[in-house]
Amino acid sequence: MASTKASPARTRQTTAARKRAAATPVNGTDDALDFEPLRIAADDDVEEERVPLFYIGDDEYTIPKHIPPGVALQFMREAREHGRELAAAPLLIRVLGEDAYTALEESRSLDEDQMEWIISKVLDLALGRKQGGKAK
């Protein structure tokens, strides 16, 4: 009857082979990486173009023409941690700016449909959605 127990020599050999395989780097020590690191401009080097989103009376309130992807990442983190509804306020403040957000808060003329339109538009732009829900 054959033993189901591996011999000690075979076990040591298998263990040593596994250790050697694990210790060998995937790319080798002399090989260069097959990519170049990205260079992202410093925030000071990026000029932000803004476009009007809404008016309260004659006062114009603007948003960035191109919302940085980091805004979407912040929203997704907030939505994961606190839920989508609570994540909307920090997103609006970051995109609209504190003054515009405060103006909306304090406006007695803002109606529900207008507020929903502003929130929806900011969400769509920040998350890269175009008309009809298609991504950029």
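For the structure, see preceding data.
Below or above, wherever it landed, is the structure these notes cover.

Right, let's get into the pattern of salt bridges. Tallied over the entire structure, the rule returns four salt bridges. For Glu 49, the salt bridge goes to Lys 65, with nearest N and O atoms at 3.7 Å. Of this pair, Glu 49 sits in the loop between helix H1 (8-23) and strand E1 (50-56) while Lys 65 sits in the loop between strand E2 (59-64) and helix H2 (69-82); the two residues are 16 residues apart in sequence, bridging distant segments of the chain. The class for Glu 49 is partly exposed, based on a relative accessible area of 45%. The exposure class assigned to Lys 65 is partly exposed, which follows from its relative accessible area of 43%. For the salt bridge of Arg 129 with Asp 124, the shortest nitrogen-to-oxygen distance reads 3.0 Å. Assessed through its relative accessible area of 27%, Arg 129 is described here as partly exposed.

Moving on to the side chain of Glu 78. By the secondary structure assignment, Glu 78 is in helix H2. The side chain of Glu 78 is buried and forms no salt bridge, while Arg 77, the nearest opposite charge, is found at 6.7 Å. With residues near it in sequence (within four places) discarded, Glu 78 still touches Gly 83, Ala 87 and Pro 90.

Definitions and cut-offs
Note that residues are indexed from 1 along each chain, following the sequence as it is written. It should be noted that, the model being predicted, local features are given only for residues of pLDDT at least 70 and side-chain atom pairs only at 80 or more, the latter also being counted only at that level, while totals for whole chains, interfaces and linings use all residues. Excluding hydrogens and water, the side-chain values take into account all heavy atoms of the structure. The working definition used for a salt bridge is a side-chain nitrogen of Lys or Arg within 4 Å of a carboxyl oxygen of Asp or Glu. What counts as a helix is a DSSP run of H or I of at least four residues, what counts as a strand is a run of E of at least two, and both are numbered from the N terminus. Partly exposed describes any residue whose relative accessible area lies between the buried limit of under 20% and the exposed limit of over 50%, with all areas from a 1.4 Å probe on protein chains only and scaled to the type maximum. Positive charges are assigned to Lys and Arg, negative charges to Asp and Glu, while His and the chain termini are left out of the count. For this analysis, residues touch if any pair of their heavy atoms sits within 4.5 Å.

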